Structure formats: structure tokens, C-alpha cells
Amino acid sequence: MQSDTSERVRPGGAAAAAAASAPAAAYHERPGPEGSLVETRAFSLWYGATQALFDITFDIHKGLVTALIGPSGCGKSTLLRCFNRMNDLIDGVRFAGEMRLAGRGIYAAGTDVIALRKRMGMVFQKPNPFPMSLFENVVYPLRVDGVRDRRILEDAVERALRGAALWEEAKDRLQENALGLSGGQQQRLCIARAIASDPEVLLMDEPCSALDPIATARIEELIDELRGRYTIVIVTHNMQQASRVSDNTAFMYLGRLIEYGETRTIFTTPKLKQTSDYVTGRFG
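Residues numbered from 1 in each chain as written. Predicted model: local features only at pLDDT ≥ 70, side-chain atom pairs only at ≥ 80, totals over all residues. Heavy atoms only, no water.

Another aspect to go through is the overall build of the protein. The helix and strand inventory of the protein stands at 11 helices and 11 strands. Buried residues in the protein amount to 52% of all 284 residues. Across the protein, contacts joining residues at least 24 apart in sequence account for 71% of those joining residues at least 6 apart. Surface summary for the protein: the accessible area is close to 12,600 Å², and the carbon and sulfur share equals 49%. (Helix = DSSP H or I, 4+ residues; strand = E, 2+ residues; numbered from the N terminus. Buried < 20%, exposed > 50% of the residue type's maximum accessible area, 1.4 Å probe, protein only. Contact = heavy atoms within 4.5 Å. Areas by Shrake-Rupley, 256 points an atom, 1.4 Å probe, with all protein chains shown as cover.)

Given a rise of 1.5 Å per residue, 14 residues ought to cover 20 Å, and the 20 Å separating the end C-alpha atoms of helix H8 (residues 213-226) matches this to within 8%. When H8 is considered as a whole, its buried residues turn out to be Ala215, Thr216, Ile219, Glu220, Leu222, Ile223 and Leu226. The buried residues of H8 occupy an angular sector of 160° when the element is viewed end-on, so they sit on one face. Structural note: H8 exposes Pro213 and Ile214 on the side pointing more than 90 degrees away from its buried face. Of the surrounding elements, those touching the buried residues of H8 are strand S4 (65-69), helix H5 (150-163), helix H7 (183-195), strand S8 (201-205), strand S9 (231-235) and helix H9 (239-245). (Expected span 1.5 Å × (residues − 1). Arc of directions from axis to C-beta.)

The full count for this structure, using the stated rule, is 21 salt bridges. Asp59 is paired through a salt bridge with Arg41; the nearest N and O atoms lie 2.8 Å apart. Of this pair, Asp59 sits in strand S3 (residues 50-61) while Arg41 sits in strand S2 (residues 36-47), and the two are 18 residues apart along the sequence. With a relative accessible area of 5%, Asp59 lands in the buried category. In this structure, a network of salt bridges that share partners links the residues Glu39, Glu98 and Arg100. (Salt bridge = Lys/Arg side-chain N within 4 Å of Asp/Glu carboxyl O.)

Below, the discussion takes up the side chain of Asp247. Residue placement: Asp247 occurs in the loop between H9 and strand S10 (248-253). The class for Asp247 is buried, based on a relative accessible area of 17%. Reaching out from Asp247, the side chain makes a polar contact with the side chain of Arg227 at a distance of 2.9 Å. (Polar contact = N/O pair within 3.5 Å; in protein donor to acceptor, adjacent residues only side chain to side chain.)

Take the packing of helix H4 (residues 134-144) against H5 next. It is the contact of H4 with H5, at a shortest axis distance of 9 Å, that shows an interaxial angle of 115°. In this structure, H4 crosses over H5, and the sense of that crossing is right-handed. Across the interface between the two elements, Phe135, Val138, Val139, Leu142 and Arg143 from H4 touch Arg150, Leu153, Glu154, Ala156, Val157, Ala160 and Leu161 from H5. Among the residues making up the contact of H4 with H5, the classes are represented as nine nonpolar, no polar and three charged. (Axes fitted to C-alpha atoms, helices over the stretch in contact; angles between N-to-C directions. Left-handed = near helix turned anticlockwise from the far one by under 90°. Nonpolar A, V, L, I, M, F, W, Y, C, P; charged D, E, K, R; others polar.)

Bringing the nonpolar core into the picture now. Among the nonpolar cores identified, the biggest contains 51 residues, and Leu161, Ile191 and Leu202 are the most heavily contacted of them. One finds Ala52, Ile106, Val235 and Met252 within the second-largest nonpolar core, a separate group that totals 33 residues. (Core = buried A, V, L, I, M, F, W, Y, C linked by side-chain atoms within 4.5 Å.)

Across the sheet, which stays open at both edges, the four strands sit in the order S3-S2-S5-S6 with antiparallel pairing between neighbours. Each having just a single partner strand, S3 and strand S6 (104-105) make up the two edges of the open sheet. Here strand S5 (residues 93-101) pairs with S6 via two bridges, running antiparallel. Residue pairing across strands places Arg100 opposite Gly105, the latter belonging to S6. Along the sheet face, helix H2 (residues 76-83) touches S2, S3 and S5 and points at about 60° away from the line of S3. (Pairing = 2+ DSSP bridges.)

Written out as C-alpha cells, the structure reads:
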């Protein structure tokens, strides 16, 4: 698995130089409807001798959409993959600090990583449907859990496809190969697969980067429809997309969380100059 540290940022100009020596994030508390769901405290991560994340501290609030923005190589995807411990699959990874999901340590001794990942659905940068039917794609996580009852599986397929706004397009094609869908439909199918096991959190890593503008708009509409039912964390390079779909935004640079707060504040009246320089296009 390739982390986003493989593409290194080359700072240039006064704004980038200022960001490189930025202070810790200006933290602005914004409780969600039911408070924090994911808490990160002084979390750092290394790939071997290379440090990729530096003392990240912030809360992700239940039922809201949180966007992670920043230039390539800043640590957005690395941080996202820490939430469901996908970085565990990379040799030489080590960490310091804490992450908690609903008050329980994500990296605590004895944590069941498989159970953790069931609570955090994942949607990747490029659509990755399995080369099997639409039906089998959606029920795959249930079959892994040992569910065999046909009625339960059928109900789960309809519920997940409706949740992913794909039911009307797919209900008469459930036995067709998923690779026959358009790119946008494939990504919505992957979202359906991610929510089929009813996770608490939906992690989305650049879910629209491989899609055309029409398909991108449909995914953004879907994110809005899923808001409140799931806690969503989305990595995006597209600042306009972040401003459209998210409630809160975290700006990252060189592995550090520079500023975190309400999206409206981040994009209109940020507290730090580094944030202003980035969202106004002065660097990055």
C-alpha cells in the first residue's frame, strides 16, 4: 500500500516557508449533535525513520462531515488510514499518542482490528468493485461475517443500494458483473458495500478524483444525503468540494495539523495566515 508520503512537498515562497514552521493547530471546539466520536491526542506516526505525522490533536464529531485538506504529501491519507489501522499493513510503521473511537483506544492493547474496521467503512480513491455481481459486491462484508440467510442478504442489498442512491439504477441488474457499471456507479457501489455492514464512520479517500464532473456532483449529493446517518471523514485536494460538502475542515501541511474548525470559518476567516495562504491559492 502506498502512503501519501511518497509524494514529497517541495515548499516554495514565503507562505510555504511560514507553513513549514507553523505552530500547533488553532483548535476551535465545535461539538457535534452528540459530541465527539473519534478523538486524536498528540498522535504521531513514523514510516521507519521518517516521521509522517506530528502531534495531531483534534476531535471528529458524530454525524458531521469532516474534510481533510492540504497539498499532496501533507499526511491527509496517512491520517485517514490511521483511523481504521490500515497503516498496520505497512512494514516499519510505529506511532505515539492516542486515538479513540467512542471512548475506546483504537491502538490499545487487545483491540480487535477486524472489528474496528467493520465500524469504519472505507471508500478509496479509485472505484474498486470486485469482479463479481453487484449483489455479491454489496453482501461481501456480510458473507465474511458468516451471514447466509438469503432474506437478510437481500434486505441488506436493497438497504445499502438505496443508501448509496443506486437502487433504481441497479435493482434490475443485481446479477450482472459490477465491472460493467460506469465509473460513478462503481464508486456508489463501493459506498454501498462500505455501508452494508452498518458502520459508524465512513472514511473517504479522494472519492471523486477519478470521476467526471457529473459523477462527482452525484457523489457530493450522496455525501449530503448520508450526513447525520454516518460520521464521514473525507480527504480531498479540491477545496471547493471541501467547502461544499463538509461541516468542519482540517488543514494539514508537512504532517502537521495547522488549523481545524468550522468549514465556513476556515474558508472565509481563518485564524492563521498559513491557512489563508493555502485556501486562497498562494501556495500548494
